[in-house]
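What follows is each chain in one-letter form.
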Amino acid sequence: DPSAREDILLLDSVHRGRRTEDDAEVQVASEVSSRVHLDDVDRAYRRASALSEVTGSLVVACVVGASIDERAEQEAEAAGMVIVLPSDWSRRDPS
């Protein structure tokens with residue numbers, strides 16, 4: 001589906017890694033916004049699903065932002081998405 005492929009190309013970031021609980025290879029498809037709204041959650045989920053369908057790989061949808069609306073957080077959690085907020089970030093000592 002050309003529209004799904006085009007939508008995938010609009011993802012803000014895609015990373016590959018391994019899931020800690022079972023060492024399965026996964027891709028993390030992320031949408032980044034200063035404040036995460038419900039439309040960001042919907043977009044991230046839709047694009048992650050399209051990526052999984054096109055590649056046949058396990059894809060985790062993720063939203064990243066400085067804050068998240070309550071409804072968006074509820075929907076993301078219900079969908080099993082990853083939510084990354086500044087409170088999740090840790091500072092590293094550059095030395």
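Rules of the game
- Residues numbered from 1 in each chain as written.
- Predicted model: local features only at pLDDT ≥ 70, side-chain atom pairs only at ≥ 80, totals over all residues.
- Heavy atoms only, no water.
- Pairing = 2+ DSSP bridges.
- Helix = DSSP H or I, 4+ residues; strand = E, 2+ residues; numbered from the N terminus.
- Axes fitted to C-alpha atoms, helices over the stretch in contact; angles between N-to-C directions.
- Contact = heavy atoms within 4.5 Å.
- Polar contact = N/O pair within 3.5 Å; in protein donor to acceptor, adjacent residues only side chain to side chain.
- Buried < 20%, exposed > 50% of the residue type's maximum accessible area, 1.4 Å probe, protein only.

(A) Structural view of the sheet that holds strand 1 (residues 13–18). In spatial order, the strands read 1-2-4-6; together these 4 strands make up an open sheet with mixed pairing. Two strands in the sheet have a free side with no partner beyond their single neighbour: strand 1 and strand 6 (82–84). Strand-to-strand twist of the sheet, defined as the mean angle between neighbouring strand axes without regard to direction, takes the value 30°. Docked against the sheet, helix 2 (residues 38–55) engages strand 1, strand 2 (25–32) and strand 4 (59–64), running at close to 155° with respect to strand 4.

(B) Region of the structure containing the side chain of Asp40. Residue placement: Asp40 occurs in helix 2. Within the structure, the side chain of Asp40 is placed 2.8 Å from the backbone nitrogen of His37, a separation counted as a polar contact. Residues contacting Asp40, with those up to four places away along its chain left out, are Glu31, Ser33, Arg35 and Val63.

(C) Spatial organisation of the environment of Val84. Structurally, Val84 can be placed in strand 6. Judged by relative accessible area, which is 21%, Val84 ranks as partly exposed. With 19 residues separating them in the primary sequence, Val84 and Gly65 have C-alpha atoms 6.5 Å apart.

Read these as spatial facts, not as claims about activity.
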